[in-house]
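Summary of structural features
So the chains spell out like this:
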Amino acid sequence: EQTKVPFSKGFGIHGPRSAMEAHRGGGPRTTDTLQSEQDRQLSIKSCPITLCLPDTRGKTYALTTIDCPGHTNFHDESVASLRVADGAALVVDAIEGIMLHTEMLLRQIISEGLPLVLIINKIDRLVLELKLPPDDMYHKLRNVIDSVNAYVSHHSNGRYPKLSPDRGNVIFASSMHGYAFSLESFATQYLDQLDFDVEEEEDAFGSFKNHGGLGRNLTPEAFAKRLWGNAYLDPKTRTFQRRSNECAPDPVTGLSPKRTFVQFVLEPLYKMYTLCLGEPEKDVEKAFRSLGVLLGKEHLRSSARPLMRVVFRKYFGTSTGFVDTIVQHVPSPAAAAKGKVARCYSGPLSSRVVESMIKCDSHGPLVIHVAKLYAEPDGQSFSAFGRIYSGSVKPGDRVKVLGEAYTPDDDEDMAFATVSSVWIPRGRTRTEVMMARAGNWVLLGGVDSDIIKTATIVGAGKSNFGGDDGDGEIHVFSPLKFPHAGGESTMKLAVEPLNPAELPKMIEGLRRVSKSYPMSTTRVEESGEHILFGTGELYLDCLMHDLRTVYSDIEVKVADPVVGFRETVVETSSIKCTSETANKRNTLTFTAEPLDDGLAEKLEAGKVNLNWDNKKLGRFFQTKYDWDLLSSRSVWAFGSSPTHGTNILLDDTLPSEVDKSLLLSCKPSIVQGFQWATREGPLCEEPVRSTKFKILDVALADKGIHRGGGQIIPTARKTVHSALLTATPRLMEPWYQLQIQCPGSIVNAIQPVLAKRRGHIVHDKPIPGSPLFSVKAFIPVLDSFGFETDLRTFTQGQAMVHSVFDHWAIVPGDPLDKNIVLYPLEPSPPKCLARDFLVKTRRRKGLSDDVSLSKFFDEGMREQLLQNQNGEGMTSLTN
C-alpha cells in the first residue's frame, strides 16, 4: 500500500525547510535541488520525493511527498502539487501561526477536498528565543491549533474534522534540531523509558520518576489520548483527572499537578535543552546516557546547536510519528481515486475509462494526469510529473498527449509521443524503473514537447477512444486554476535580447520558462515587444534568472516592470450604440452597464456555468442579484473566457421586434466578436472586466451569405467597444494585500511608507504569545515595486512583508479627459492617474495617445454623440 501526500510549508524568516530534514535530523536542504534555491536559502520549485519509511510498529510504507515552496509568489507550485495529491500536511510556524500564505493554502486544500494534517514546526524557537515557560508554551501551541481549526471550519462549513493532537492529526516538529513527533509516538518513546533504572534517571530528570505512577500496563494509544487538553495525573491515586483540583497535591512540591502535556512532554524537552546549553560535560553525558543517548567526546565538546541536533536525533530516532499520522489520516491512492476523479476529471463519470480510474486498475487503459514539468539539467527538455490513475506505463510505450484545449469534438490539441524513460522521483536524484502501475507518481521522459502547462496522457490504442470495447470518449483533466492568487499573473516585464540576432533563442527560452512556472505567461504585443507575466518581483527575478542562465544562455535587456490593467464602466451607456456591417446589410445595437457587485468574482471562480439549464441559471441570477426573469434566462456568453469570463452578453431583444431564428443563426459570430472585444478593450487594448452588454436590436440580411462571420464578428466587436465608450469607461488596476510582521513599537511608523505609495493599513493585531504584531494593509501593485526593500531599510530589518494579489480597483480620474496636462518626470496627482496610465500604456503598445472616435463609431453615431453632450467622457474622444 502506498500513501501519497504533498508537503506544503509555511514561509519563515530563514526560508521554508522540508519535513524531510526533520525526518533525517536536519542538515542539508535535501529538497532544494536548484543552485538558485541553495543560494537564496529559499524554495522556488516543488520537489517530489518517494521514500520507504517505517511507522512506529516497524511496517514500511512507500510515501511520496511533494515539498512545496512557502513564499506567496510561488503559490502556483502548491496548487499543482495539491491537484495530484491524496492529502496535505500543512506546516505552520509555532511563533507566527496562520500567515497569509497559510490561509491561501488552507482555502486551496479545502477546495480540493483533501484530508488535512497539521505540523507545528520550529517549537524550539518557543524555548530558545521567546523563552516561554512550559505552561505558556502549551497555551501558545493550543492557540495555533485553535486558529487553524477556526479558519478551516469557517471556510469548509464544518465539513472537516477537528485538528487535535489527541486525535493524531497534529505533529510537533523542529526541523532545525531534527525531530518530529505525534503524541502517540512520544507516548511510545516515553513508556519505553520505564525499562530504565528510575534511580539513575532521578539525578538529572526528576520528573521522570513519575513514570512509575503511570503503570506498566498503560498502552501508548491510551496514554496519547491523555496527553492533551485538561488532563492531570493524580500522584496519589495514579489516575487521570479532568480538573487539577480533583487531584492530590504533589508530595514533593505541595503544588497541584500540571497538565500531562506539560509534565510529560514539555518539561522533559526543556530539561534536554537546558542540559545542552549550560551544563558540564560529565552531567550532560550521564543524564543522556540514562535516556539511552550515548554521546562521544566530539559531541560533548561541540557547540550547543550541533549538540542539540545530535541529542534529539538519537533520542527520537526516525520520526515514525509522521508516518503514523499520514497512514492514519490520508487515504491510499486506491481509496482516494474516486474523489480525485470526481473533482478533477472534466468528462462524464459513467464511462468504462472512469470506472477503471476509480478502481485504480493497473490492467485498464492508460490514463496519466500530468500536473508539472521539471527541467532537465541541460535546460532543453523537461520531465513530466504525473499521477497514474489507470493502466501501466513503461519505456517505449506509444501514447497520446492531450492538451488542456482538447475535447472529443476537437482533437487539434493532441499529439503522439513515445515514452523514453520512467522514473520514480527521489528529490535530487531519480530511480529509473522498467514499469509503473496505477497508483504511482512518476516522472516521464520524451513526452514534454507538446505539453504547455498540464496534460492528460492516454494510450495510443484505439480502445481509449471509444473502440470496440466501448470505453467511451476520453476527456482531459481540468486545467489548473489559481482563484486564491488572483487567477492570473498581473505583474509584467518587457524583454528583448541584447543581440537582435538571438531573438529566436530568447523566444524559445520564454517558451521553456512558461512551461516551468505554472502561473507565468508570455505575450507578444502588436508593437513587437515580448511580455513576461509573473506574480511578484521575486517571481519575475527567478524567471529572468532561468531565462538568462538555464533556458537560453543569452543576455537579455528588460524594461521597468509594469502591471496589467482592466477596462470597465461605471454607468449605463448614454445612447444606444449601433453599427453596420461592411456590406451595409446588417445592423447591431448594444448598450453596456456595470455588473452587480461581486458577480465578476463569482464568474471568475467558475461558480456559474452556462451549461446549467435555463431554470437553474435564471434562478441563480434572480435570487442572488435580483435580475428579471427575461434577463436571467437570456445570458448568451461570458467574456473573454467562455467559462471564467468576467463579462456577460445578454440577448435583450423581443420576439415581436426581431426575427429570433435569424438572430440565433448569427449567435456564434456575435459571441465570438463579443469575446474578442472583451479580450482587447478600446481604451488601451487591455481586457474588459465586470461589464454587462445587452443586445437591444438587430437587423439581419435574409440571405446567409450576407450575414457570415466575416461581416458579423468585426461589427459585433466594434459595437461592444462603442457601447463601452459611451458608459463612462474607467481603468482598473490590481491591488496587493500585505501582511507585515513587525514589533509593536514600529507599527505607526509603517503608515507613512505605505501612504507614499497610495497604500493604507486596514488593521493591526498582536500575535499571541510573541512580541510581534501582524499588520494587514493594501497597496497598488504598480506602486509595490521596491516596497519590501524600502520597508526593511526604513525599519532596519525589523519588518517582514508577505504580499498577494487581492482585488481590482478603479483608478481615480477620467482616462479620456484631454484637459489633463501630464508633465514628464513628475508624479501625477490622484485625479490624473487614469489619464497618465492610459497614455503611457498606449505609447508602450505603439498606439496613439488618444482613443480615436472614427475607429469605433459610424458617421451617424459620431453626429449623435456631438449633439449629445451629456455623454460624460465622450467629449474627449477625437476624430
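The shown structure was predicted, so the numbers you read here are calculated from the model rather than taken from an experiment.

Remarks on the confidence of the model for the chain
- For the chain, per-residue confidence averages 86 on the pLDDT scale, and 91% of positions sit at 70 or higher.
- Low pLDDT (under 50) marks residues 465–471, which in the prediction has 19 contacts with non-local residues, meaning those over four places away or in another chain.
- Contacts for the low-pLDDT stretch residues 870–875, under 50 throughout, to residues beyond four places or in other chains number twelve contacts.

Some words on helix α16 (residues 352–359)
- If you check which residues of α16 are buried, you get Val353, Val354, Ser356 and Met357. Considered in projection along α16, the buried side chains sweep an arc of 160° and stay on one side of the axis.
- Elements in contact with the buried residues of α16: α15 (333–344), β10 (367–375) and β11 (382–390).

A few points about the side chain of Thr568
- Looking at the secondary structure, you find Thr568 in strand β25 (residues 566–569).
- The class of Thr568 is buried, set by a relative accessible area of 3%.
- In contact with Thr568, not counting residues within four places along its chain, are Arg689, Ser690, Thr691, Thr728, Pro729, Arg730, Met732 and Ile810.

Here we look at the sheet that holds strand β27 (residues 587–594)
- One open sheet holds the five strands; their spatial order is β26-β27-β30-β29-β28, and the pairing between them is mixed. Looking at the sheet topology across the chains shown, the edges are occupied by β26 (577–580) and β28 (635–639). The mean angle between the axes of side-by-side strands here comes to 25°, regardless of whether they run parallel or antiparallel.
- Note that strand β29 (residues 647–651) and strand β30 (residues 691–699) share four bridges and pair parallel. Looking across to β30, one finds that Leu650 is bridged to Lys694.
- Against the sheet, helix α23 (residues 667–679) touches β27, β28, β29 and β30, its axis set at about 30° to β28.

Digging into a positive patch on the surface
- On the surface, Lys615, Lys616, Arg619 and Arg633 cluster together into a positively charged patch.
- Relative to the assigned elements, Lys616 resides in helix α20 (residues 614–625).
- Assessed through its relative accessible area of 37%, Lys616 is described here as partly exposed.

Description of the pairing of strand β2 (residues 47–54)
- Most of β2 sits inside the fold, with six of its eight residues counted as buried.
- Sheet topology places β2 next to strand β3 (residues 60–68); eight bridges connect them, and they run antiparallel. Opposite Pro48, over in β3, you have Ile66 as the bridge partner.
- Taken together, β2 and the strand that follows it, β3, pair antiparallel across an intervening segment of five residues, in which Gly58 is found at a positive phi of about 95°.

Topic: the environment of Met434
- Mapped onto the fold, Met434 is located in the loop between β16 (429–432) and β17 (436–437).
- Owing to a relative accessible area of 64%, Met434 belongs among the exposed residues under this scheme.
- What Met434 contacts, discounting residues up to four positions off in sequence, is Val393, Lys394 and Pro395.

Section: the pairing of β27
- Burial analysis of β27 places six of its eight residues in the buried class, the great majority of the element.
- Bridge count for β26 against β27 is four bridges, and the pairing is antiparallel. Following the sheet pairing, Ser579 is matched in β27 by Leu588.
- Taken together, β26 and the strand that follows it, β27, pair antiparallel across an intervening segment of six residues, in which Lys584 is found at a positive phi of about 65°.
- Of the strand pairs in this sheet, β27 and β30 are connected by eight bridges, and their pairing is antiparallel. Along β30, the bridge assignment pairs Glu593 with Lys692.

Observations regarding the environment of Met137
- For Met137, the position within the fold is in helix α6 (residues 134–156).
- In contact with Met137, not counting residues within four places along its chain, are Ile123, Leu126, Val127, Leu132, Leu266 and Tyr270.

Description of the packing of α6 against helix α10 (residues 260–278)
- α10 packs onto α6 with a crossing angle of 110° between their chain directions and a minimal axis gap of 10 Å. Between α6 and α10, the angle falls in the class roughly perpendicular. Considering the relative orientation of α6 and α10, their crossing is right-handed. Each of Pro134, Asp135, Met137, Tyr138 and Leu141 in α6 lies in contact with α10, whose residues at this interface are Phe261, Val262, Leu266, Glu267 and Tyr270.

Regarding the side chain of Lys453
- Position of Lys453 relative to the elements: it lies in the loop between β18 (441–445) and β19 (455–459).
- Buried charged residue Lys453 carries no salt bridge. Nearest counter-charge: Asp76, at 7.0 Å.
- Within polar-contact distance, the side chain of Lys453 engages the backbone oxygen of Tyr517 at 2.8 Å.
- Separated by 2.6 Å, the side chain of Lys453 and the backbone oxygen of Ser520 make a polar contact.
- When neighbours within four sequence positions are excluded, Lys453 is seen to be in contact with Ala371, Leu373, Glu404, Ser514, Tyr517, Pro518, Met519 and Ser520.

What about the pattern of salt bridges?
- For the structure shown, the criterion picks out 35 salt bridges.
- A salt bridge links Glu221 to Arg57, with the nearest nitrogen and oxygen atoms 3.1 Å apart. With a gap of 164 residues between them, Glu221 in helix α9 (residues 220–225) and Arg57 in the loop between β2 and β3 connect regions that are remote in the sequence.
- Of the charged contacts, one joins Arg512 and Glu508 as a salt bridge, the two residues approaching to 3.3 Å between their closest N and O atoms. One end of the pair is Arg512 and the other is Glu508, both in helix α17 (residues 503–516) and four residues apart, which spans about a single turn.
- Looking at Arg512, the relative accessible area reads 10%, which means it is buried.
- By relative accessible area, Glu508 is classed as partly exposed at 27%.
- Members of the salt-bridge network, linked through shared partners, are Asp93, Lys122, Arg125 and Glu129.

Quick look at the nonpolar core
- The biggest cluster of nonpolar side chains holds 120 residues, and the ones touching the most others in it are Leu444, Val447 and Ile670.
- Broken down by element, this core gets its largest block of residues, eight residues, from helix α18 (residues 537–551).
- Excluding anything up to four places from it in sequence, Val447 contacts Ala384, Val399, Val401, Ala417, Thr418, Val419 and Ile457.
- Among the nonpolar cores identified, the runner-up in size contains 69 residues, and Ile95, Tyr138, Val170 and Leu275 belong to it.

Conventions used here
Residues numbered from 1 in each chain as written. Predicted model: local features only at pLDDT ≥ 70, side-chain atom pairs only at ≥ 80, totals over all residues. Heavy atoms only, no water. pLDDT = per-residue confidence, 0-100. Contact = heavy atoms within 4.5 Å. Buried < 20%, exposed > 50% of the residue type's maximum accessible area, 1.4 Å probe, protein only. Helix = DSSP H or I, 4+ residues; strand = E, 2+ residues; numbered from the N terminus. Arc of directions from axis to C-beta. Pairing = 2+ DSSP bridges. Axes fitted to C-alpha atoms, helices over the stretch in contact; angles between N-to-C directions. Patch = residues over 30% accessible without salt bridge, like charges linked within 9 Å, V, L, I, M, F, W, Y side chains within 5 Å. Areas by Shrake-Rupley, 256 points an atom, 1.4 Å probe, with all protein chains shown as cover. Salt bridge = Lys/Arg side-chain N within 4 Å of Asp/Glu carboxyl O. Lys, Arg positive; Asp, Glu negative; His and termini not counted. Charge placed at Lys NZ, Arg CZ, Asp CG, Glu CD. Parallel < 35°, antiparallel > 145°, perpendicular 65-115°, else oblique. Left-handed = near helix turned anticlockwise from the far one by under 90°. Polar contact = N/O pair within 3.5 Å; in protein donor to acceptor, adjacent residues only side chain to side chain. Core = buried A, V, L, I, M, F, W, Y, C linked by side-chain atoms within 4.5 Å.

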